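# Overview (structure and organization)
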Amino acid sequence: PAAMAALLAMNLTACGSGRDSARSSAKTEKDGVQEVTFWHVLSGAQGEAFQKVIDTYNETRGKEVGIRVNPVYQGYEITDKLELAYQTKDTANAPDITWPLTSVIPTMMDMDWTVSVERYLDDPDSEITKNTFYPSMQRACTYNGEMVGIPVANSTILLYYNEDALKEAGLNGAPVTFDDLADYTAALTKKDESGSVTVYGLETQVKRYQLVNFCVSQNPNCFFGDHEGGRAGNMTKVTIKEDGTLKKFLEQWQKINETGGLKYILDKNKEAEEFAQGVCAMNFISSSKLSTVESLVDGSFNWNVAPIPKVSESDTSGASIGGSCLMMIDRGDQDRLKAAWDVIEYFSSPEAQYIFSTGTGYIPVNVETENLPEMKKFYEENPRFKIALEQMKNSSPNAQEPLDPVRNDMDTAITDAMLQFCEGKLDVESAVDQIVNSCNNLLDEYYEANN
């Protein structure tokens, strides 16, 4: 490990050579070091991996060119905190780099201090270009025809499954379609003598992100909302009723629910724990939880992951990528912006992404990372981690979360409707109407209130 760390430090330092004269202008006259404030959202083991990348930068490339990163944990209220700083014109306490969800890009771009990274990527001297990143990641960060952010902390939903439970039930391999998923759910569900479920075949509470995946995975022309899900203009309505994807999903989900083996109510953020505890035999969980699940299971049973099953056999799109992006804030100092871009270039390098990806479970954003010898070795020793990467590469770049301005309210509306559907209070047609009408009403209210 020590030798590997030394090698990576050498590689990362090498990434900074050749542009020292361009970076020298980022230094302040006061002390010769330009500070870059970097707001982030990671804690725990993931936060440690992020800190390792930043420490390596500060000790190598940053020291060489006179830039030092100051990481500041802000949690997932990060965009709310940034909006507050913007509204109060508090540039002194604003970041140079921030870490919003890609789904809030429209909100970020409404603030005139947010800098689109497109012109930096197009700079002939830039170490990174759009093609540094996978097509799905490029599109995730694209708004009104511009790539405005840099992909980071990206993941896909995977189907986690208990291999021992499948073997006991006489099942080989993971389900490929929702029809298979219904059969597996029934076969894997266990009940006691009173008929109470002791092990659920499948656990998943369908919220906004899950519903997006199951709709856009059906075909590349499903964008969930108009104007290509908000990427070609403001998203003013959801389109999952008119393209038929919502109805098709609900019809198939109803089959799974009718097995009696679907646990459709979940304690907040307990997917990994309940899978590891044997509450369920299968669960849809983010690929970013791979290390967490591995730690929680701790060898108590054999488990694996697979791409999300197709809603229908004929589906052609694939899973939606989810996650965040890095965006730059103009605080009125061009030297700070130059320094911030240097940090982003470094953070996006194959070697930095190796450290970050293997330490977090997130998909590496740089297309060259998977070709590094150390990354190939990691995938050989940890094949589950490569499933998310391959799923993303095999999916259409159009399979994306919508860029809607009412993300949280829409999540609540979808969650409530899906609970009523699974409880039998709404049939398929009623659930379609309730989801679509509530989402569209929220969008209408937002635009009415915000001109």
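What this report covers is the structure whose coordinates are included nearby. Note that this is a predicted model, so its numbers are computed, not measured.

### Observations regarding helix H10 (residues 178-188)
- All of the buried residues along H10 are Phe-178, Leu-181, Ala-182, Tyr-184, Thr-185 and Leu-188. Across the axial projection of H10, the buried residues extend over an arc of 165°, all falling on one side.

### What about the environment of Lys-207?
- Relative to the helices and strands, Lys-207 resides in the loop between strand S11 (202-203) and helix H11 (208-216).
- C-alpha of Lys-207 to C-alpha of Tyr-76: the two residues are 131 residues apart in sequence and 18 Å apart in space.
- With residues near it in sequence (within four places) discarded, Lys-207 still touches Asp-411, Ile-414 and Thr-415.

### A look at the side chain of Arg-231
- Its location among the elements puts Arg-231 in the loop between helix H12 (226-230) and helix H13 (245-257).
- No salt bridge is formed by the buried Arg-231, whose closest oppositely charged neighbour, Glu-401, lies at an N-O distance of 7.2 Å.
- Every residue in contact with Arg-231, bar those within four places of it in the chain, is listed here: Arg-139, Ala-140, Thr-142, Tyr-143, Asn-144, Gly-145, Gln-400, Glu-401, Pro-402 and Leu-403.

### Digging into the pattern of salt bridges
- All told, the structure shown has 20 salt bridges when counted by the stated rule.
- Lys-247 is the salt-bridge partner of Glu-429, the closest N and O atoms lying 3.1 Å from each other. Taken as a pair, Glu-429 in helix H21 (residues 428-449) and Lys-247 in helix H13 lie far apart in primary sequence, 182 residues in all.
- Owing to a relative accessible area of 35%, Lys-247 belongs among the partly exposed residues under this scheme.
- A cluster of three or more residues bridged by salt bridges with shared partners is formed by Arg-61, Glu-127, Asp-342 and Glu-345.

### Things to note about the layout of surface pockets
- The volume enclosed by the second largest pocket comes to roughly 290 Å³.
- Lining the second largest pocket are 18 residues, with Pro-307, Ile-308, Lys-310, Gly-318 and Gln-391 sitting closest to its centre.
- Of the residues in the lining of the second largest pocket, the class split is eight nonpolar, seven polar and three charged.

### Structural notes on unusual backbone geometry
- Positioned with a positive phi, His-227 is a non-glycine residue whose angle comes to about 50°.
- Checked against the element boundaries, His-227 lands in helix H12.

### Considering the packing of aromatic side chains
- As enumerated under the stated definition, the model contains 26 aromatic pairs in all.
- Here Phe-249 and Trp-253 contribute two aromatic rings whose centre-to-centre distance is 5.5 Å and whose plane-to-plane angle is 35°, an arrangement assigned as tilted. Of this pair, Phe-249 and Trp-253 both sit in helix H13, separated by four residues, roughly a single helical turn.
- Between the aromatic rings of Phe-275 and Phe-301, the centroid separation amounts to 5.7 Å while the plane-to-plane angle is 80°, which identifies the pairing as edge-to-face. Here the residue Phe-275 occupies a position in helix H14 (residues 271-276), and Phe-301 occupies one in the loop between helix H15 (290-297) and strand S14 (303-306), the gap between them amounting to 26 residues.

### A few points about the environment of Leu-121
- By the element assignment, Leu-121 lies in helix H7 (residues 118-121).
- Placed 66 residues apart in sequence, Leu-121 and Ala-187 show a C-alpha to C-alpha distance of 51 Å.
- Ignoring any residue separated from it by four or fewer positions in sequence, one finds Leu-121 in contact with Ser-126, Ile-128, Thr-129, Lys-130, Phe-133, Met-147, Ile-150 and Trp-341.

### Re empty space enclosed by the protein
- Summed over the entire model, instances satisfying the criterion amount to two cavities of 30 Å³ or more.
- Roughly 50 Å³ of internal volume is contained in the largest cavity.
- The element best represented in the lining of the largest cavity is helix H20 (residues 407-422), accounting for four residues.
- When the residues that make up the lining of the largest cavity are grouped by side-chain class, the tally is six nonpolar, three polar and no charged.
- Roughly 30 Å³ of volume is contained in the second largest cavity.
- If you trace the second largest cavity, you find it lined by Ser-357, Gly-361, Tyr-362, Ile-363, Pro-364, Met-375, Phe-378, Tyr-379 and Phe-385.
- The dominant element in the lining of the second largest cavity, judged by the number of residues it contributes, is helix H18 (residues 373-381), at three residues.
- Here the lining of the second largest cavity is built from residues that sort into seven nonpolar, two polar and no charged.

Calculation criteria
Residues numbered from 1 in each chain as written. Predicted model: local features only at pLDDT ≥ 70, side-chain atom pairs only at ≥ 80, totals over all residues. Heavy atoms only, no water. Buried < 20%, exposed > 50% of the residue type's maximum accessible area, 1.4 Å probe, protein only. Helix = DSSP H or I, 4+ residues; strand = E, 2+ residues; numbered from the N terminus. Arc of directions from axis to C-beta. Contact = heavy atoms within 4.5 Å. Lys, Arg positive; Asp, Glu negative; His and termini not counted. Salt bridge = Lys/Arg side-chain N within 4 Å of Asp/Glu carboxyl O. 1 Å grid on protein atoms, 1.4 Å probe; cavity = no way out; pocket = protein on both sides within 12 Å on 5 of 7 lines; lining within 4 Å. Points joined across faces, edges and corners; volume = space filled by probe spheres on them. Nonpolar A, V, L, I, M, F, W, Y, C, P; charged D, E, K, R; others polar. Phe/Tyr/Trp six-rings, centres within 6.5 Å; stacked < 30°, edge-to-face > 60°.

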